[in-house]
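# Descriptive structure summary
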Amino acid sequence: MNELLLPLGFADRIKASLERLDRETMNLLVVGEFSRGKSTFINALLGAPILPSKVNPTTATINIIVPGTERKLVIEYHDGTQVEHPLPAEQVNKFLDGIVTVSNENANKIKQIRIFVPGPMQAWNCVIVDTPGVNDLDDLREEVTYNYLRNADACIILLDSQQPLSESERRFITEKVLLNDINRLIFVMNRIDEVDSQPDGPNVARLQGYVKRLLSEKVPSIQEPVIYAVSAKETLRSKYKQESSVWRSSFERFEGELHQVLSQFAGKERLEEHVDRAIGIAYNGLQTIAERISLLSSSEEELEAQRKRLEAEGRHLHVQLQALSVTMEQESLELSRRIQNQVERGFSDLRDTLIRQTERSTHESDVQLLKSELSTGIRQALDNVLAMITEHKQSLSNKLQKQFSAFFSSEDVMALTVRNASQAERYETNASFSRFDVSRRSYQMEEESSTFWKAAAAGGALTYVAAALMGPIGIVAGIIGSFFLGGKIDEVQQQKQLEQALTEMKRSIRTQIDAIIQESKQNALQMAKQEMSPMEAYYKEHVNGRLESVSSALRIQKDGLLHQSESLQEQIQGLERCTNELCVLVEQLYSIRGALS
């Protein structure tokens, strides 16, 4: 496509698309129950003790490991601010301990942390994502992991050799992971050195067979799962000390197979976007070629009429761009208002319900129920916000689709191509070009635009709500735990102490949920704009593409290209060949798009 469209003014767009494809990396997400050794496993992949790892659950934030030549830490907060720190040359895990773990009291304010370190994973074009544990003692840390699943190109489910595929892990797989993408699953059983002396010993084979049978019985939708067995701890020790080990050799074989698996299916969703972008560029190219053929074949009177038409269309396109900016600004304000109302209504009701429940609490079991209602209520309130944002974006997407349908349909390409009677007969017999009917391109537009409202608030508004929630949930759960859990019930049997505890719980619930509402009000507009920006950028890209085609046609006239009469027929024939080749490319792109869907 670059070769065909380079002379037609498309170099910058194609170069930008290629650069975008090259720089995007795969997200390899590592998930599992707490204390499964996720951080140690990632350290084994990196070959050095980068992440802090302990027996008790530690990871509290989303940690994105970016292998490369840099050594730095970038903390991105939910309010949009970023803080950068250099990484020490040694004992990086100790440096990070007070930042990425539960020992950091402000971890709830952090959206994600990017850790740039040199490592062998650089050759994979892949970032590794460390997540808080599933079945964590803190429900919010669980929710952080659940919300991030949709960002994964591949997902490693880390199991424990002592209790592989527990009931909670099976629920996590069926209720959370499979709802995102079954092709992302890679099962790894860690700490295999604790059940056998060799990576390929009989106990290892027995456990692998057991997990495979259990998956077939409990999760039959997973077909022919492969269960890898590793010892992350022994591998890390061997790599870091540069010693040979059977566990290291086994782990490196797993790494080779993992790289192959990732190469087969990772990046699938982004590839769809790249193909859609290429199809859009190809159609703009066909428009430009059709206009050039028409211009080269026209009389002076026709040229003047086309010049006026193109100038008018250019003005119209500029107006459309301005109108789009105004529309998106208005839609952002409206969505901001709806977010504020939804959050205030949902969380006010939740606050009142929790306070009434607290007032009726007289026993530890009541408080346990309160904690459950707290978690359920928060998730429901968040789901309602998400549903509202999704509905708003779907409605806006339908509106913009109708408004900008001309920039996606092949109808205008066909009209330009067959404008002259002499041209019409030629292109009527051109089988490759005539295959591109309006219904196909219209359908393609619907497919492309639908991706925006489907990808609702996970990366935008929901993160701001979650920023306000992480602190309150941790605090409320902490109050409940300190007074009633962990065997401390005997300390609060006296009625006075119980009343004091319940009073403090009510105060905390009221204060923290009011803070959630206030936080959402303050950030609602920023949430809305973050949700609107991808959709706005998408339509601007298509309008600007058409504007460039118009400007290119006008430059042809201005540069006097049309007066080179001796080469007109040769130019027309060259453009016709280019049209045929582009049509073949578009057919191939649609075939690729269908295979990815």
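First, a word on scope: everything that follows refers to the structure included in this document. Just so we're clear, the structure is a prediction, and the values are computed from it rather than from any experiment.

Thresholds applied
- Residues numbered from 1 in each chain as written.
- Predicted model: local features only at pLDDT ≥ 70, side-chain atom pairs only at ≥ 80, totals over all residues.
- Heavy atoms only, no water.
- Helix = DSSP H or I, 4+ residues; strand = E, 2+ residues; numbered from the N terminus.
- Expected span 1.5 Å × (residues − 1).
- Buried < 20%, exposed > 50% of the residue type's maximum accessible area, 1.4 Å probe, protein only.
- Arc of directions from axis to C-beta.
- Salt bridge = Lys/Arg side-chain N within 4 Å of Asp/Glu carboxyl O.
- Pairing = 2+ DSSP bridges.
- Axes fitted to C-alpha atoms, helices over the stretch in contact; angles between N-to-C directions.
- Contact = heavy atoms within 4.5 Å.

So, about helix 7 (residues 202-218). For helix 7, spanning 17 residues, the distance from its first C-alpha to its last is 24 Å, which sits close to the expected 24 Å at 1.5 Å a residue. Listed as buried for helix 7 are V204, L207, V211, L214 and L215. Along the axis of helix 7, the buried residues cluster in a sector spanning 100 degrees; they form a single face. Among the exposed residues of helix 7, those oriented more than 90 degrees off its buried face are P202 and E217.

Turning our attention to the pattern of salt bridges. Within the structure shown, the criterion is met by 21 salt bridges. Between K399 and E331 there is a salt bridge; the shortest N-O distance is 3.8 Å. Remark: E331 occurs in helix 11 (residues 300-359) and K399 occurs in helix 12 (residues 364-403); sequence separation between them is 68 residues. Take E331: its relative accessible area is 16%, and that puts it in the buried class. One salt bridge connects R337 with E334, and the closest N-O pair in it is separated by 2.5 Å. Of this pair, R337 and E334 both sit in helix 11, separated by 3 residues, roughly a single helical turn. Overall, the relative accessible area of 31% leaves E334 in the partly exposed class. Beyond isolated ion pairs, a larger network of salt bridges with shared partners links E291, R309, E313 and R546.

With mixed pairing, the 9 strands of this open sheet are ordered in space as 4-3-5-2-6-1-7-8-9. Pairing within the sheet leaves two strands with one partner each, and these edge strands are strand 4 (82-86) and strand 9 (227-229). Pairs of neighbouring strands in the sheet enclose a mean axial angle of 25 degrees, with direction left out of account. In the sheet, strand 1 (residues 26-31) pairs with strand 7 (residues 154-160) via 4 bridges, with the strands oriented parallel. Paired with V30 across the two strands is I156, which belongs to strand 7. Sitting on the sheet, helix 7 is in contact with strand 7, strand 8 (185-190) and strand 9, with an inclination near 150 degrees to strand 9.

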